[in-house]
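Below are the chains, spelled out letter by letter.
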Amino acid sequence: MQTYLLKWWQTIRISWSKYTAYRLNFFLQVVGPFLVFFFIKYNLWSSIYEGSSTPVIKGYNFSDMMHYHIWTLIISLLGQGYAAMNLSEDIRLGRISSYLIYPFEFWEFHTAGFVSFQILQVFVSSITLCLAVFFGFIEFPSLSIILTGFSFTLFMGMFWFTMQYFTGLLAFWLEETWIMRVLLSIIVSFLSGYIFPLELYPEWLVGALKYSPFPYMSYFPAKIFMGQEVNLTLGYSVLTFWIAVFAYINHLIWKKGMRLYTAAGM
Amino acid sequence: MSQKVIEVINLTKQFKSYKKKPGLKGSLQSFFNRKYSIKKAVHGFNLEINKGEIIGLLGPNGAGKTTLMKMFTGIIVPTSGELTINGHSPWERKKEFKKKIALVMGQKSQLWWDIPAMDSFLLLQKFYELSNQEFKQRLDYMSELLGVVDLLHVHVRKLSLGERMKMELMASLLHNPDVIFLDEPTIGLDLVAQENIRAFILDFHKKNGTTIIITSHYMADVQALCKRLVLIFDGTKAYDGPLEKFENILGNEKTVSFTFSEEIPCCGYLDEFHGEWNEGRTSVDIRVPEENLREVGKKVLDLHPVIEFNTEKMPIERVMKTLMTNPEVLRAQRDHANLPA
Amino acid sequence: MISSLKHYLGVYRYFVTTSVSEALSFRTSFILLVLMDIFFYFSVLFSVDFLFDHMQTIGPWNRYQLLFFICFMLNIDTIHMGVFSSNFWMLGFKIRTGELDFDLLKPTHSIFICFFRYLKPSSLLTAPVAWGLLIYYGSKIGLLWYDWLLIPPLLLLGLSLLCVLEFILCTSMFWLVEGMGINFLRMQMQQMARWPDFIYKYTYQKIFTIGVPLLLIGSGPVHFILDKSNWHYLAGMCLAIVISTLILVKIWNKALRQYDSASS
């Protein structure tokens, strides 16, 4: 058991040094989204509010809207990384064979990579949060809100990972899985409330989404961070359900893909 | 009248790199406070090569061979020193220069993975502005010589390593370059493929009088192709001269092995040579000065029940091995024998 | 001059054929790419259209003017995706693996090989969709016959500016070795240009119009189409392209001088 945990720890460390090897890249990935948020979303929404006849759109005044968008930004940094990108490359370039020999399985290796990425993203999102507070976009929320929000978002990150893992596994059949990832992220950004808060959508749509994982990927945690009342039990149970579903699907796909892989002797 | 194709004077290349301690802490440390160090990949290198020569550039891993090749072809820019290839400074990357050289790297591929080699060749035809006639003629000549005529329309990813290497060679030589740089062209190939490629290079050289610089860790390549060797250690030139002289760098003794049908008891004539015996004293390797070879051989054959004997095929391999483990031998040798350096 | 143009066109023809031949061997990816692009168009249009359900104008523009602008940018995007985008990703990869070595050996200019080598033929199929959208919203804002004639050259002008700026940015990959961060930044740059210049506050607007002329890419041409007295935008774009090209050549040469080629 102990040696098993050591393996995990070592793998996490290796992926960590991979992520931080290129300093400036890392810096750009931290600062990039914040700057873009600042330039585009801030400017865009302020001109929208200037052009609007009412100062309140569906219950959001300008500063509410800004708060909402800053939190969705921090949530996406924390919970929607791109850790599963190497996975499809491994499959496509036939590097799986080496995992078949290691006494450490493919999914374990990539999950360890994900864990290390999450640790990194906790730093990144905290820095972003501090920047946002520093520039006066938001106020620092209470500790209990921070803890509830971060833990929910990290949990959501697990769902995101199982879904990314799913698209990565499609590399057994598809040459380029990034297309699937882009498609998925477009869908998610709309349905999760990353682009517009869900209140702006028609009610039937919001109702239909309630048991899907989408609202819990941006809208729901943003509400937690903004200190609003949410049904945490519902959020956790819906996500748990979907994590289980995707984990099972991934398991099946992996089995099927492996049969294909070994048969073709790629 | 020989014409100089390559002239190198005091060439130096430095690289900057940083070191990282292992683990999380090391990563964090190097993230914030990076210590750079300067590594001299090549320094004070001099060389002259005439038209039509085939030169073997030898040295252990990391000695600077590939760095030299990349400077010769203009891929990287020297830190200091002078370098002229075919009358050009490679780093100016002139079109006329590029049309006259070729670089083949055994460890990298320039062919497009997901399409047949022929498609890549057609693109190269356009790159080098070759007429259809030239193109077809060279393609036919090379693909026949290498035995890959049937593979031209197969997707590159479906080719074996040996087949792919042959395609790489063709891709690099289609434009009939004056100077060819071959960086480990036979690495990882089976013996037959290695031989095919050597034969091809020799044929190409004979036909076109091309100047060729080749690096390899396989001494068979060097033995078969090169008349002149340049040895590089730690970025500087350690030897430059004919192959035969290199073979004798550690003295002119030859290694001779004998195998006997029965155990040879200690201590007879053979033991005078302080040879290396096997466990049961049924075979021995001895070192014999070249001029005594016939005499000693005759005597051993007369004295003992020899069932097999041979002299070493590739003394160069033994010399390389000795030098790589013991580079200072070379310096001592050079001082004594006044070898060209 | 003519012969060298012929040389480059000849090479480019084979860039196209090899790219097509590669793309067609991956059928599923090809279809998915088309789907993704179309999905992307409509997601952008939908979100702008959706905003106008809650207001009448954004800045000086009404719904159809803004949607026309968005379609103009989508058309630049489509050409950009088809002709250039793969190259930016490949450049990072090539520098990291040392495969760039082969490009530097070829007797054509290295900028040409690095940024024009790979095309994405699937964009040929999505381009008509983008044209259709542009024509639809163009007719909604009542363009005249000479406006229609102006659109193709203006698209090319915007595209050239975008590309030169991106080339400059990507040259920094030579120093950073890893391309991910730069490509990331590049996409953020595109994002900024996808909105009209007037949504940005005064200072930023000036910085990104004069300093880094990102906002000229789409806003310049569309301002001119909507009001011909805005010709100074076009003059600015031409000037920006010339200056950026000079900068590009300068730093490109500098980058190549210190390229140290991943060892094999």
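Residues numbered from 1 in each chain as written. Chains lettered and ligands numbered in written order. Predicted model: local features only at pLDDT ≥ 70, side-chain atom pairs only at ≥ 80, totals over all residues. Heavy atoms only, no water.

Visitor: Give me the lowdown on the confidence of the model for chain A, citing residues and values where you can.
Guide: Mean pLDDT over chain A stands at 84; residues scoring 70 or higher make up 93%. Least confident of the elements in chain A is helix α5 (residues 96-101) of chain A, whose mean pLDDT is 71; most confident is helix α10 (residues 219-225) of chain A, at 95. (pLDDT = per-residue confidence, 0-100. Helix = DSSP H or I, 4+ residues; strand = E, 2+ residues; numbered from the N terminus.)

Visitor: Give a description of the pattern of salt bridges that names residues and reports values.
Guide: Residue and element names in this part refer to chain B. For the structure on display, the rule yields 20 salt bridges over all chains. Between E48 and K4 there is a salt bridge whose closest N-O contact spans 3.8 Å. One end of the pair, E48, is in strand β2 (residues 36-50); the other, K4, is in strand β1 (residues 4-18), and 44 residues separate them in sequence. Measuring nitrogen to oxygen at the nearest pair gives 2.8 Å for the salt bridge that ties R157 to D114. Taken together, the residues span a long stretch of sequence, with R157 in the loop between α5 (132-146) and α6 (161-173) and D114 in the loop between β5 (101-105) and α4 (117-127) at a distance of 43 residues. Looking at D114, the relative accessible area reads 8%, which means it is buried. If you follow the salt bridges from partner to partner, you end up with E53, R228, K237 and D240 in one network. (Salt bridge = Lys/Arg side-chain N within 4 Å of Asp/Glu carboxyl O. Buried < 20%, exposed > 50% of the residue type's maximum accessible area, 1.4 Å probe, protein only.)

Visitor: Outline the packing of aromatic side chains, listing residues and values.
Guide: Counted under the stated rule, the structure contains 56 aromatic pairs over all chains. The interplanar angle of 45° and the centroid separation of 4.8 Å between the aromatic rings of F196 of chain A and F50 of chain C together place this pair among those described as tilted. Of this pair, F196 of chain A sits in the loop between α8 (178-191) and α9 (203-209) while F50 of chain C sits in helix α2 (residues 27-51), which puts the two residues in different chains. Its relative accessible area of 2% is what places F196 of chain A among the buried residues. A residue is classified by how much of its surface remains accessible, and F50 of chain C, at 8% relative accessible area, is buried. (Phe/Tyr/Trp six-rings, centres within 6.5 Å; stacked < 30°, edge-to-face > 60°.)

Visitor: Give a detailed account of the environment of R95 of chain A, specifying residues and quantitative values.
Guide: Inspection of the secondary structure assignment puts R95 of chain A in the loop between α4 (85-92) and α5. By relative accessible area, R95 of chain A is classed as partly exposed at 35%.

Visitor: Report on helix α3 (residues 63-97) of chain C, specifying residues and quantitative values.
Guide: Side chains that are three or four residues apart share a direction in an α-helix, a result of its 3.6 residues per turn. All names here are of chain C. The terminal C-alpha atoms of α3, which comprises 35 residues, lie 48 Å apart, in line with the 51 Å expected from a rise of 1.5 Å per residue. A bend of about 55° at M81 is the largest found in α3. For α3, the N-terminal cap is N62; the gap from its side-chain oxygen to the backbone nitrogen of Y64 is 3.2 Å. In the segment just after α3, G98 is the residue with positive phi, at about 85°. (Expected span 1.5 Å × (residues − 1). Bend = angle between axes of the 7 residues up to and from the residue. Polar contact = N/O pair within 3.5 Å; in protein donor to acceptor, adjacent residues only side chain to side chain.)

Visitor: Any details on the packing of α6 of chain B against helix α7 (residues 191-208) of chain B? Residues and values, ideally.
Guide: Residue and element names in this part refer to chain B. With their axes 11 Å apart at the nearest point, α6 and α7 run at an angle of 15° to one another. Looking at the two axes, α6 sits roughly parallel to α7. By crossing handedness, the relation of α6 to α7 is classed as right-handed. Taking contact as the criterion, the partners of M165, K166, L169 and L173 in α6 are, on α7, N196, I197, F200 and F204. Across the contact of α6 with α7, the residue classes break down as six nonpolar, one polar and one charged. (Axes fitted to C-alpha atoms, helices over the stretch in contact; angles between N-to-C directions. Parallel < 35°, antiparallel > 145°, perpendicular 65-115°, else oblique. Left-handed = near helix turned anticlockwise from the far one by under 90°. Contact = heavy atoms within 4.5 Å. Nonpolar A, V, L, I, M, F, W, Y, C, P; charged D, E, K, R; others polar.)

Visitor: Talk me through the pairing of strand β12 (residues 283-289) of chain B; I want residue IDs and the actual numbers.
Guide: Every regular strand shows the same layout, with side chains that alternate between the two sheet faces. Residues and elements named next belong to chain B. Only one face of β12 is covered, namely the one carrying V284, I286 and V288; the face carrying S283, D285, R287 and P289 has none of its residues buried. In terms of strand pairing, strand β10 (residues 253-260) meets β12 through seven bridges, oriented antiparallel. Along β12, the bridge assignment pairs F258 with V284. Sheet topology note: the strand β11 (residues 276-277)/β12 ladder contains two bridges and is antiparallel. Each residue of the ladder has a partner; that of E276, found in β12, is D285. The turn linking β11 back onto β12 is made up of five residues, and R281 within it adopts a positive phi angle of 50°. (Pairing = 2+ DSSP bridges.)

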